[in-house]
Amino acid sequence: MKKTLAYFLYTLLLSAIVCACSDDLDVQQVYSFDLVTMPVQKKIVQGESAEIRCQLIKEGDYQQTKFFIRYFQPDGVGELRMDDGTVFLPNDLYPLDKTTFRLYYTSHSTDQQAIDVYIEDNFGQVVQKTFSWQNDKGDEEETEDKE
């Protein structure tokens, strides 16, 4: 009787171990992310550049994740470039190789200006940030008005 009970318990334990093991690994590849920036100036003069300090904050780290950047300019005229000197064309997708970077927006107009920056990953997730500037006419126009 003791041998039968021992074999029964051994078989029960062995079947529990076999059922607990699974060949399916649950590997998460897609992690949410956000683009965090330092405060950006609100006024800009034609020809002036505004610095936008950026950092990608990722919920997790999957080595195969690739990030891309693009921008649109709904208001005004200007130029956006990366800290490595790459000048972006509106709506073109560029690879983003680092998580901490700087963007430089140079104004080419005297109107209100706005840009929408999009960061995308290779899994289809998108984060969008909008930056806008008012034209800063400067002290020269104030002086002219007083005369």
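Up top is the structure these notes are about.
Residues numbered from 1 in each chain as written. Predicted model: local features only at pLDDT ≥ 70, side-chain atom pairs only at ≥ 80, totals over all residues. Heavy atoms only, no water.

Caption draft 1: Spatial organisation of the overall build of the protein chain. Within the protein chain, the regular secondary structure consists of two helices and 10 strands. Of all 147 residues assigned to the protein chain, the portion counted as buried reaches 27%. If you take every contact in the protein chain between residues at least 6 apart in sequence, the share linking residues at least 24 apart comes to 65%. Carbon and sulfur atoms provide 51% of the accessible area of the protein chain, an area that totals close to 10,300 Å². (Helix = DSSP H or I, 4+ residues; strand = E, 2+ residues; numbered from the N terminus. Buried < 20%, exposed > 50% of the residue type's maximum accessible area, 1.4 Å probe, protein only. Contact = heavy atoms within 4.5 Å. Areas by Shrake-Rupley, 256 points an atom, 1.4 Å probe, with all protein chains shown as cover.)

Caption draft 2: View of the pattern of salt bridges. Inspection of every chain in the model, using the stated rule, returns five salt bridges. Taking the shortest distance from any N to any O, the salt bridge between Arg102 and Glu51 comes out at 2.9 Å. Taken as a pair, Arg102 in strand S8 (residues 100-107) and Glu51 in strand S3 (residues 49-58) lie far apart in primary sequence, 51 residues in all. Owing to a relative accessible area of 28%, Glu51 belongs among the partly exposed residues under this scheme. Glu120 serves as the salt-bridge partner of Arg70, at 2.9 Å between the closest nitrogen and oxygen. One end of the pair, Arg70, is in strand S4 (residues 67-75); the other, Glu120, is in strand S9 (residues 113-121), and 50 residues separate them in sequence. Accessibility classification places Arg70 together with Glu120 in one group, the buried group. Each of Glu51, Arg53 and Arg102 takes part in a single network of salt bridges with overlapping partners. (Salt bridge = Lys/Arg side-chain N within 4 Å of Asp/Glu carboxyl O.)

Caption draft 3: Spatial organisation of the sheet that holds strand S2 (residues 43-44). On the basis of which strands lie adjacent, the open sheet formed by five strands has the order S2-S10-S9-S4-S7 and mixed pairing. On the outer flanks of this sheet lie S2 and strand S7 (94-96), each paired with one strand and no other. Of the pairings in the sheet, the one linking S2 to strand S10 (residues 126-135) comprises two bridges and is parallel in character. Looking at S10, one finds that Lys43 is bridged to Gln134. (Pairing = 2+ DSSP bridges.)

Caption draft 4: Geometry of the environment of Leu56. In this structure, Leu56 sits in strand S3. Residues Leu56 and Thr37, 19 residues apart in the sequence, show an inter-C-alpha distance of 8.9 Å. Once you skip the residues sitting within four places of it in the chain, Leu56 turns out to touch Phe33, Asp34, Leu35, Phe67, Leu96, Thr99 and Ile119.

Caption draft 5: Spatial organisation of the packing of aromatic side chains. Inspection of the entire model under this criterion finds four aromatic pairs. An angle of 55 degrees between the planes, with centres 4.8 Å apart, marks the rings of Phe88 and Tyr94 as tilted. Each member of the pair, Phe88 as well as Tyr94, carries the same accessibility label: buried. With 4.5 Å between their ring centres and 5 degrees between their planes, Tyr105 and Trp133 make a pair best called stacked. Note that Tyr105 is positioned in strand S8 and Trp133 in strand S10, a separation of 28 residues in sequence. Residue Tyr105 is classed as buried on the basis of its relative accessible area of 0%. The exposure class of Trp133 is buried, given its relative accessible area of 0%. (Phe/Tyr/Trp six-rings, centres within 6.5 Å; stacked < 30°, edge-to-face > 60°.)

Caption draft 6: Expanded view of the nonpolar core. Membership of the largest hydrophobic core comes to 25 residues, with the highest contact counts inside it found for Ile69, Phe101, Leu103, Ile115, Val117, Ile119 and Trp133. Within the residue set of this core, elements represented by two or more residues are strand S1 (33-37), S3, S4, strand S5 (78-82), S7, S8, S9 and S10. (Core = buried A, V, L, I, M, F, W, Y, C linked by side-chain atoms within 4.5 Å.)

Caption draft 7: Summary view of a nonpolar patch on the surface. A surface patch of nonpolar side chains, amounting to about 420 Å² of accessible area, comprises Leu5, Phe8, Leu9 and Leu12. Turning to its location among the elements, Leu12 is positioned in helix H1 (residues 2-20). (Patch = residues over 30% accessible without salt bridge, like charges linked within 9 Å, V, L, I, M, F, W, Y side chains within 5 Å.)

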